Amino acid sequence: MQVMNSQIADIITQIFYKVKNEESLGEIAKYIPELSNVDAEKFGVHIAFLNGESFGIGDFQEKFSIQSIAKVLSLSLAYRHLGERIWTRLDVEPSGNAFNSLIQLESDKGIPRNPFINAGALVVCDILIDILQNPKEELLSFIWQFAGTKSINYSLRIAKSEKQTGFRNIALCNFIKSFGNIKNSPEEVLDLYYLLCSVEMSCEELSYTFGFLANKGKILGADQEILSLSKTKRINAVMQTCGFYDESGEFAFRVGLPGKSGVGGGIVALMPNQYVVSVWSPQLNEKGNSFRGMKFLEEFTTATNVSIF
Ligand code: GLN
């Protein structure tokens, strides 16, 4: 892979060390016990441009648990199969609440506010169980095609750890089922959900995986269409408005790119038709988003003068 022009590499390098040397006010997620076994000081950044150039720094080739970032991939797969009918089961409004909140589901009669909070991702998993013959295998091969590698996998260790402490997700799934918006058994849906959240990738793999969302729905470097242009724009719109739970406004305000975070400390963000950038630093702010990841991206879009606005 070609290394991109030195100006952007220099900007990334400078911001990377600045943010690394500043105090991080975040903390590692502990509510999933296995997630806390990660070195809190890990920090990696990778950017992939549509023209084939790329640059990475720090721990950008080390795999981490992408957690909720994977919710964009499960949604893409379900949306590809079901088309616009999917929006009868899910809304596209920011929740303004924590990612694992139960409260809106009562007034919204079991229709999750959006596909990126846990409630929404559980409904997407339910849909995948209905439309796929082997949901676990097919979801993984869907993910493999983007980065062109089969080295991306579920972490059974993390999935098991999350299952053992998944009391809120169990509550969410059963609550949605009581409204009729989960068709399969909650156990089956939760098992797929835990596996989905356990997917591990490096920043480098993450940038290539999300390439199709910057590339009008086509896999980076290939002509293969995963989603139509319209569906791609819609997923980006939902990432923009809902990708950071109750901090989505703050991310749009400070960074200005559609993106998605996960409690493993990863953030992926993209500039349509230009690039995908991935950051990993496991210390999270109080909303569950990577403290250094947000800081890095804010400084990056400020220094480059590029954002969707
Ligand atoms: N697996 C995590 C959970 O269900 C995902 C949360 C996240 O990344 N925001 O709690």
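Fair warning: this is a prediction, and the values are worked out from it, not measured in the lab.

Participant: Describe the sheet that holds strand β1 (residues 44-49), listing the residues and the values that go with them.
Facilitator: If you trace the five strands from one edge of the open sheet to the other, you get β2-β1-β7-β6-β5, paired in antiparallel fashion. Of all the strands in the sheet, the pair left with one neighbour each is β2 (54-58) and β5 (259-261). Shown here is a sheet whose adjacent strand axes are inclined to one another by a mean of 5°, direction ignored. For β1 and β2, the ladder comprises five bridges, and the chain directions are antiparallel. Within β2, the position partnered with Val45 by the bridge is Ile57. Its contacts with the sheet put helix α13 (residues 291-304) on β1, β6 (266-271) and β7 (275-280), and the angle it makes with β7 is roughly 145°.

Participant: Before we move on, can you summarise the state of the cysteines with the specific residues and values?
Facilitator: Under the defined criterion, the tally for this structure stands at zero disulfides. For the unlinked cysteine Cys197, the closest cysteine sulfur is that of Cys125, found at 7.4 Å.

Participant: Any chance you could break down the packing of helix α7 (residues 167-178) against helix α8 (residues 186-197) for me, citing the residues and the numbers?
Facilitator: In the contact formed by α7 and α8, the axes pass within 10 Å of each other and the chain directions differ by 135°. One element, α7, and the other, α8, form an angle in the oblique class. For the element pair α7 and α8, the recorded crossing hand is right-handed. Counting all contacts with α7, which are made through Asn169, Ile170, Cys173, Asn174 and Lys177, the residues of α8 involved are Pro186, Val189, Leu190, Tyr193 and Tyr194. Of the residues contributing to the contact of α7 with α8, the split by class is seven nonpolar, two polar and one charged.

Participant: Break down the site of the ligand for me, citing the residues and quoting the values.
Facilitator: In the vicinity of the ligand lie 13 residues, with Tyr31, Gln67, Glu162, Tyr193 and Tyr245 positioned nearest. At 2.6 Å, a side-chain N or O of Tyr245 approaches a nitrogen atom of the ligand. Relative to its free-state accessible area of 300 Å², the ligand is covered by the protein chains to the extent of 99%. By residue class, the composition of the shell around the ligand is seven nonpolar, five polar and one charged.

Participant: Quick rundown of the pattern of salt bridges? Include the residues and the values.
Facilitator: Taken as a whole, this structure holds 17 salt bridges when the rule is applied. Arg234 serves as the salt-bridge partner of Glu84, at 2.9 Å between the closest nitrogen and oxygen. Placement of Glu84 in the loop between α2 (70-82) and α3 (103-107) and of Arg234 in helix α11 (residues 229-242) is noted, with a sequence separation of 150 residues between them. Note that Arg89 is salt-bridged to Asp126, the shortest N-O span being 2.8 Å. One end of the pair, Arg89, is in the loop between α2 and α3; the other, Asp126, is in helix α4 (residues 118-131), with 37 residues separating them in the sequence. On the basis of relative accessibility, which here comes to 13%, the residue Arg89 falls in the buried class. For Asp126, a relative accessible area of 0% translates into the label buried. Linked by salt bridges that have partners in common, Lys18, Glu22, Lys295 and Glu299 make up one network.

Calculation rules
- Residues numbered from 1 in each chain as written.
- Predicted model: local features only at pLDDT ≥ 70, side-chain atom pairs only at ≥ 80, totals over all residues.
- Heavy atoms only, no water.
- Pairing = 2+ DSSP bridges.
- Helix = DSSP H or I, 4+ residues; strand = E, 2+ residues; numbered from the N terminus.
- Axes fitted to C-alpha atoms, helices over the stretch in contact; angles between N-to-C directions.
- Contact = heavy atoms within 4.5 Å.
- Disulfide = S-S within 2.5 Å.
- Parallel < 35°, antiparallel > 145°, perpendicular 65-115°, else oblique.
- Left-handed = near helix turned anticlockwise from the far one by under 90°.
- Nonpolar A, V, L, I, M, F, W, Y, C, P; charged D, E, K, R; others polar.
- Near = heavy atom within 4 Å.
- Polar contact = N/O pair within 3.5 Å; in protein donor to acceptor, adjacent residues only side chain to side chain.
- Areas by Shrake-Rupley, 256 points an atom, 1.4 Å probe, with all protein chains shown as cover.
- Salt bridge = Lys/Arg side-chain N within 4 Å of Asp/Glu carboxyl O.
- Buried < 20%, exposed > 50% of the residue type's maximum accessible area, 1.4 Å probe, protein only.

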